[in-house]
Amino acid sequence: MSNISLIVGLGNPGSEYAQTRHNAGFWFVERLADQYGISLKKDPKFNGFSGRGNIEGQDVRLLLPTTFMNLSGKSVIPFAKFYNIAPESILIAHDELDMNPGIIRLKTGGGHGGHNGLRDIVPHIGPNFHRLRIGIGHPGSKDRVSGHVLSKAPSSEQELMDDAIAHALARAKMLVNGEVQQAMNQINAYKPN
């Protein structure tokens, strides 16, 4: 299994979206950057904020696209191509409607599952990247999805999401060292308190 050398967080740019559920992928990467002292700087060439640093002995790049969710590929694709990073070495963290807050899952491959950020990436690099799916819950009806993902979660739900993210962050060493299956077993076994 190849080491993960690019970790992408999906979300929407701007302070008005920072605390919204759709930005769960951003939260993961921002906390990872804090944990390992990696500064994320504006990177206009790749429509995002990016950083590079040492995570548990591995050289890893971090990327937060600033293109809005449904255009995430405009940042991720050129970035991965420029640095010659294979899909198997990419982890994309994103919000997941079909899982409740507090649930977090790591998976490899698959389709976009209706996620607009992934929908803009999969056709260009194929399905073989890793995904960290952060549960945000479903509002119950399709016509309420947009309002749900673009609003702030109540503090009880936010706490569940933060705890799940912390659980995944504690497996960073496994992820970047190519121990994806072990990381998957541990992350996917997580149950919220």
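Rules used throughout
- Residues numbered from 1 in each chain as written.
- Predicted model: local features only at pLDDT ≥ 70, side-chain atom pairs only at ≥ 80, totals over all residues.
- Heavy atoms only, no water.
- UniProt positions renumbered as here; feature names shortened; annotations may be inferred.
- 1 Å grid on protein atoms, 1.4 Å probe; cavity = no way out; pocket = protein on both sides within 12 Å on 5 of 7 lines; lining within 4 Å.
- Points joined across faces, edges and corners; volume = space filled by probe spheres on them.
- Helix = DSSP H or I, 4+ residues; strand = E, 2+ residues; numbered from the N terminus.
- Nonpolar A, V, L, I, M, F, W, Y, C, P; charged D, E, K, R; others polar.
- Core = buried A, V, L, I, M, F, W, Y, C linked by side-chain atoms within 4.5 Å.
- Buried < 20%, exposed > 50% of the residue type's maximum accessible area, 1.4 Å probe, protein only.
- Contact = heavy atoms within 4.5 Å.
- Pairing = 2+ DSSP bridges.

- Going by what an unreviewed UniProt entry lists, the chain is known as Peptidyl-tRNA hydrolase and is assigned to Acinetobacter variabilis.
- UniProt, in its Sequence similarities (unreviewed entry) section for the chain, records the words "Belongs to the PTH family."
- The heading Subcellular location (unreviewed entry) in the UniProt record of the chain holds the text "Cytoplasm".

Considerations on the layout of surface pockets
The gaps left among the atoms become clear once a water-sized probe is rolled over them.
Move 1: Here the largest pocket is characterised by a volume of approximately 520 Å³.
Move 2: Looking at the largest pocket, it is lined by 26 residues, and the ones nearest its centre are His22, Leu97, Gly114, His115 and Asn116.
Move 3: Those elements that provide at least two residues to the lining of the largest pocket are strand 5 (90–96), helix 3 (116–119), strand 7 (130–135) and helix 5 (145–149).
Move 4: For the lining of the largest pocket, the per-class residue count stands at seven nonpolar, twelve polar and seven charged.

Considering the nonpolar core
Move 1: One finds Ile7, Phe28, Leu62, Leu106 and Leu132 to be the most contacted residues of the largest nonpolar core, which totals 38 residues.
Move 2: If one sorts the elements of this core by residue count, helix 1 (residues 24–35) sits on top with seven residues.
Move 3: Discounting chain neighbours no more than four positions away, the residues touching Leu106 are Leu91, Arg131, Leu132, Leu175, Val180, Ala183, Met184, Ile187 and Asn188.

Some words on the pairing of strand 1 (residues 6–9)
Move 1: Going residue by residue along strand 1, you find Leu6 and Val8 tucked away on one face and Ile7 and Gly9 tucked away on the opposite face as well.
Move 2: As defined by bridge partners, strand 1 adjoins strand 4 (residues 58–65) across three bridges and the pair is classed as parallel. If you follow Leu6 over to strand 4, its bridge partner there is Arg61.

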